[in-house]
Amino acid sequence: MRTRSQNQQSLFSSFVNVAIAINICGFTALYSDTQNSAIWANTAESTISSSDKFNSKQFLFLDLQRHWSRLFVEGLLSKTNLSKAFDTADGISLFQPDRPITRAELANYLELAFANRNASRITTRLDEPATKAETLVAIASQLNLNSNAVKTPQTYLLSMFRDAIEIPNYAIPAIATITQEGLVTNYPDPRILAPNGAITKSELAVLIYQALAYQKKVPLIRSLYTIDPNRRMWDIELTQVTRLEVSISRRTVTAFHGEIALKTYPVAVGRQGWSTPIGNHRVLQTIEYPAWQNPFTGDVIPSKDPENPLGDRWIGFWTDGKDWSGFHGTPNRASVGTAASHGCIRMYNEDIRELFSQVTTNTIVRVSP
C-alpha cells in the first residue's frame, strides 16, 4: 500500500475537511432544488434504522454527492463484499456513476453479490455494454424469481411503462415478474424503462441493492424512482381489444387498444390457393368450444374433441355466405408460424383463449400482406 508523508497527510486531511464542508453546502442547495428530491432523501433515510445508518464519511466520491443513487451506492459498498469491485483504485475521488457497464463487469458483480450457482451465467460478448433488459433478466435469475408469475406479462408491462413495447420478447416474462416484486428503479422517470439502453454503474448498483433488500440482506431504501407495482397507468382488467392487425408475411397478429399495442401473437395463415382474405374486416361471431364441419365431406367433429381442428375458441371475421375465415385454436401446434390453413388464422390454444376474452363483435380486423 502506498504511504503518505506527514505533509501529504496534512494536505489530505485539509482536502477532506473542505470536501465535507462543500458536501454539507451542496446538500443544503439540493434540498432547495426540488420538493421531490427532498421527499426522496427524507423517505430514504426514514426506512433505515439507527443501527443500520450508513457511515457515509468513509466514502468521498465527489461525483456522487448530489447524485440520485448516492444512498443506494453507499449502502451497497458499506454492507456487502462489493466494495472493492465497485470502488475506484484509491477508494476516493470518483465513482463514475454514469459509466456504462460491460457484460463482463455485470457477470462479475452478480457473482460477487449473489453467488447463485443455479443462475444463468453471462459468457458471451463480454466486451459489449450490458443493457437494462438483460440486466433485469439476469437479476431475476439470480433471485430465482418465477418468470411465469405474471399471467399476461406483456399487457402488465404496457400498463406500467410508457416504452414497454420496446422490451425484447425474451425479457418480457422476467421483467414483468421483477417489476411486480417492486425491484425496478428508473431515473429520472420511473415510467421510462429504456430497456435497450446501456445500463450505467449507478443503475446497476441500485438494482443490486434492491435485489439484496428483497433477500433481506440489506435494509430497505424507498425511492420516488422505484416503480410501484400496484399503480398502473390504466386498468388491465378493463382493457378491451379494439383492433387486430394481421401480417401475412410476418405470421403475426397484434392486438391494439386504441393506438396502444397490447400484445403480438404468432399465427398460421392460409396456404397457397387458400389465402387469408386481405383487407379491413370486423369480428362477426365469437364461439366458445366450436364444432367443426368438414367442407368437403360434411363430417362433423364435435366441440371439446381433442382432434377438433378449431381448438376451443373461434373468432370469425369474414364469410362469403358459405365459407368462413377466422381466428381459432389448433391441435397442430407445429403449424403455427407457417402458411398451413384453408384461409383461417390458427393460434396456440392458450393465445386464442386470451384474445377471445378481449374482443367483441365489431372489433376491427385488418389483414395486410
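Quick summary incoming for the structure in this document. As the structure is a computational prediction, the values presented were derived from the model and not from experiment.

**Here's the deal with the packing of aromatic side chains**
For any pair of aromatic rings, the description consists of the separation of the ring centres together with the inter-plane angle of the planes. Summed over all chains, the structure comprises seven aromatic pairs. For the pair F61 and F95, a centre-to-centre distance of 5.4 Å together with 65° between the ring planes defines the contact as edge-to-face. With F61 in the loop between α2 (35–46) and α3 (70–79) and F95 in the loop between α4 (83–86) and α5 (103–114), the pair connects residues that are 34 residues apart, well separated along the chain. The class for F61 is buried, based on a relative accessible area of 1%.

**Examining the pairing of strand β1 (residues 243–247)**
Burial runs high along β1: four of the five residues are buried. Once β1 ends, the chain turns through four residues before running back antiparallel as strand β2 (residues 252–257), passing R251 with a positive phi of about 60°. Relative to strand β13 (residues 364–368), β1 runs parallel, the two being bridged by five bridges. Looking at β13, one finds that E245 is bridged to R366.

**Observations concerning α5**
With twelve residues, α5 extends 16 Å from end C-alpha to end C-alpha; this agrees with the ideal 16 Å at 1.5 Å per step. Among the residues of α5, those classed as buried are R103, L106, Y109, L110, A113 and F114. Taken down its axis, α5 places every buried residue within 120° of arc, on the same side. Next to the buried residues of α5 lie α4, α6 (132–142) and α9 (201–214). A positive backbone phi angle near 50° is found at A115, which sits one or two residues after α5.

Rules used in this analysis
Along every chain, residues carry numbers that run from 1 in the direction the sequence is written. Local features in a predicted model are, by the rule used here, given only for residues with pLDDT of at least 70; side-chain atom pairs are given and counted only at 80 or more, and totals for whole chains, interfaces and linings are based on all residues. Based on all heavy atoms of the structure, the side-chain values leave hydrogens and waters out of the count. Classification of ring pairs rests on two measures: the distance between centres of Phe, Tyr or Trp rings, Trp counted by its six-membered ring, which must be within 6.5 Å, and the angle between planes, read as stacked under 30 degrees, edge-to-face over 60 and tilted in between. Strands are runs of DSSP state E lasting at least 2 residues, helices are runs of H or I lasting at least 4, and numbering of each runs from the N terminus. The buried label goes to any residue with under 20% of its type's maximum accessible area, the exposed label to any with over 50%, and the partly exposed label to all in between, with areas taken from a 1.4 Å probe on protein chains only. Strand pairing requires that DSSP identify at least two bridges connecting the strands. Helix span is expected to be 1.5 Å times the residue number reduced by one. Arc, as used here, means the arc of the directions from the helix axis to the C-beta atoms. We call two residues in contact whenever any of their non-hydrogen atoms come within 4.5 Å of each other.

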